[in-house]
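Here are the chains, one letter per residue:
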Amino acid sequence: MTEYIVKITFWLRAFDSVTLEAATDAEAIEKAKASARIAMESIAYPEHIDTDERREGVIAYIDRIDPDGHEPVIEDAEFDDDRIHGPPAA
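Every value quoted in this text rests on a predicted model; they were computed, and no experiment measured them. (Residues numbered from 1 in each chain as written. Predicted model: local features only at pLDDT ≥ 70, side-chain atom pairs only at ≥ 80, totals over all residues. Heavy atoms only, no water.)

### Side note on a nonpolar patch on the surface
Residues Tyr4, Val6, Ile8, Phe10, Leu12, Tyr45, Ile49, Val73, Ile74 and Phe79 make up a contiguous nonpolar surface patch of about 950 Å² in total accessible area. Of all the secondary-structure elements, those providing two or more residues to the nonpolar patch are strand S1 (3-15) and strand S3 (69-78). Counting through the fold element by element, isoleucine 49 comes out in strand S2 (residues 48-66). (Patch = residues over 30% accessible without salt bridge, like charges linked within 9 Å, V, L, I, M, F, W, Y side chains within 5 Å. Areas by Shrake-Rupley, 256 points an atom, 1.4 Å probe, with all protein chains shown as cover. Salt bridge = Lys/Arg side-chain N within 4 Å of Asp/Glu carboxyl O. Helix = DSSP H or I, 4+ residues; strand = E, 2+ residues; numbered from the N terminus.)

### Topic: the side chain of aspartate 50
Among the secondary structure elements, aspartate 50 is positioned in strand S2. It turns out aspartate 50 is buried and unbridged, and the closest side chain with the opposite charge, arginine 13, is 5.3 Å from it. Non-local contacts of aspartate 50, meaning those with residues more than four positions away in its chain, are made with Leu12, Arg13 and Phe15. (Buried < 20%, exposed > 50% of the residue type's maximum accessible area, 1.4 Å probe, protein only. Lys, Arg positive; Asp, Glu negative; His and termini not counted. Contact = heavy atoms within 4.5 Å.)

### Things to note about the pattern of salt bridges
Enumeration over the complete set of coordinates arrives at 2 salt bridges. A salt bridge links lysine 31 to glutamate 27; its shortest N-O distance comes to 3.3 Å. Note that lysine 31 and glutamate 27 are positioned in helix H1 (residues 25-41) at a spacing of 4 residues, about one turn of the helix. Given the relative accessible area of 35%, lysine 31 is considered partly exposed. Residue glutamate 27 is classed as partly exposed on the basis of its relative accessible area, which comes to 30%. For the salt bridge of lysine 33 with glutamate 30, the shortest nitrogen-to-oxygen distance reads 3.9 Å. Taken as a pair, lysine 33 and glutamate 30 lie in helix H1 at a separation of 3 residues, close to a single helical turn. By relative accessible area, glutamate 30 is classed as partly exposed at 49%.

Geometric values such as these leave the question of function open.
Rendered as structure tokens:
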């Protein structure tokens, strides 16, 4: 029997929040967008990660293990549907 290494990637829902002050709703929206860009680029852990529902997975790679090391079999193999975005609007 041949041994394989399978690396699976998937999305989790992560939540963060910021508090900001603004003079108008429009200004709040623009400041929120800027804050969201900063939060998305941050390497800090978010306030909450929802591990109950893993979403939109991909098999990153499958490697076959042989005496000489690892041999790539496949990369980026879809195995799941897109549950993040759901079906397109009719």
